[in-house]
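# Observations on the model geometry
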Amino acid sequence: MSLLLLIELALLGLGSGFLAGLLGIGGGMLMVPFLTFFLSRQGVDADLAVKMAIATSMATIMFTSVSSVRAHHRRGAVRWDLVRTLAPGIVLGSLCASLGVFALLKGAYLAIFFGLFVGFSATQMFLDKKPKPTRQMPGTAGRVAAGGGIGFLSGLVGAGGGFISVPFMTWCNVPIHNAVATSAALGFPIALANVVGYVLAGQGLADRPAASLGYVWLPALAVIACASVLTAPLGARAAHALPVGSLKKVFASVLYLLAAYMLYKGITA
């Protein structure tokens, strides 16, 4: 690994770690385009580079999530009751995506749909449209189903699920700080289940770069993980220092960027 690539990966890890702590997202949507570029620069085929970028991004979320959630937990912000009931569906949805659909799906139509969905969620949050006061989180079966959708979509795009779970929880009248903290905790089961699938599905692939485990590029994982755990607690501290209205606007702005990126990928594909 060249010194330049080492520095680039470290900076990417610092930025994604801060976002994970601040907004409850794993930073995957930030990492994937950069990792795709870095892998392409190493001579990896374009289609394989995208898939390895998604898988490697998801693997880093395992480390970022642990660092972020510790900071949120110390402030009592994590709704562990929601984590316990959403996690089973998340694991099932993640495995379905990473073990089967991931290797087959090109994703152009999914990317367009996803961009529209994320843009709609951002608009709702930016306008601060209040949900009905009587609306609450669904029961256990509804949470398992919601977790399945979050895990499945996260596995296809290499993100920690915060861009779905945070709007979903706030729509169900979970306060924004609790939604962000709970989303950070959900990032670990999402990442773990998907990485298992990526490793198994990627066995025997030809033309992978050296030091790869399935679809996961291990050198990038090591550098980004070490850097991201340094800044995730700083992001969590900033999240609790910001007022609710400001935090929602910051999150909505990030969602707009994600929506634009997904629409661009879908249309150009």
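This section reports on the structure supplied with the text.

So, how was this worked out
Residues numbered from 1 in each chain as written. Predicted model: local features only at pLDDT ≥ 70, side-chain atom pairs only at ≥ 80, totals over all residues. Heavy atoms only, no water. Helix = DSSP H or I, 4+ residues; strand = E, 2+ residues; numbered from the N terminus. Buried < 20%, exposed > 50% of the residue type's maximum accessible area, 1.4 Å probe, protein only. Contact = heavy atoms within 4.5 Å. Areas by Shrake-Rupley, 256 points an atom, 1.4 Å probe, with all protein chains shown as cover. Axes fitted to C-alpha atoms, helices over the stretch in contact; angles between N-to-C directions. Parallel < 35°, antiparallel > 145°, perpendicular 65-115°, else oblique. Expected span 1.5 Å × (residues − 1). Salt bridge = Lys/Arg side-chain N within 4 Å of Asp/Glu carboxyl O.

For the chain, the count of helices and strands is 10 helices and 2 strands. The order of α-helices and β-strands along the chain, N terminus first, is α-α-α-α-α-α-α-α-β-β-α-α. Among the 269 residues that make up the chain, the fraction classed as buried is 54%. Contacts in the chain between residues far apart in sequence, at least 24 positions, make up 83% of those at least 6 positions apart. Approximately 11500 Å² of the chain is accessible, and the part contributed by carbon and sulfur atoms is 71%.

Axis separation between helix α6 (residues 140-157) and helix α7 (residues 162-171) bottoms out at 9 Å; the angle between their running directions is 150°. Relative to α7, the element α6 is oriented roughly antiparallel. For the pair α6 and α7, contact is made by Ala146, Ile150, Leu153 and Val157 and by Phe163, Ile164, Ser165 and Phe168, respectively.

With 24 residues, helix α9 (residues 218-241) ought to run about 34 Å at 1.5 Å a step, and its terminal C-alpha atoms sit 35 Å apart, in line with that. The set of residues buried in α9 consists of Ala220, Leu221, Val223, Ile224, Ala225, Ala227, Ser228, Thr231, Ala232, Gly235, Ala236 and Ala239.

Glancing now at the pattern of salt bridges. Enumeration over the complete set of coordinates arrives at 2 salt bridges. The partner of Asp81 in a salt bridge is Arg79, and the shortest N-O contact between them spans 2.9 Å. On the accessibility criterion, Arg79 (29% relative accessible area) is partly exposed.

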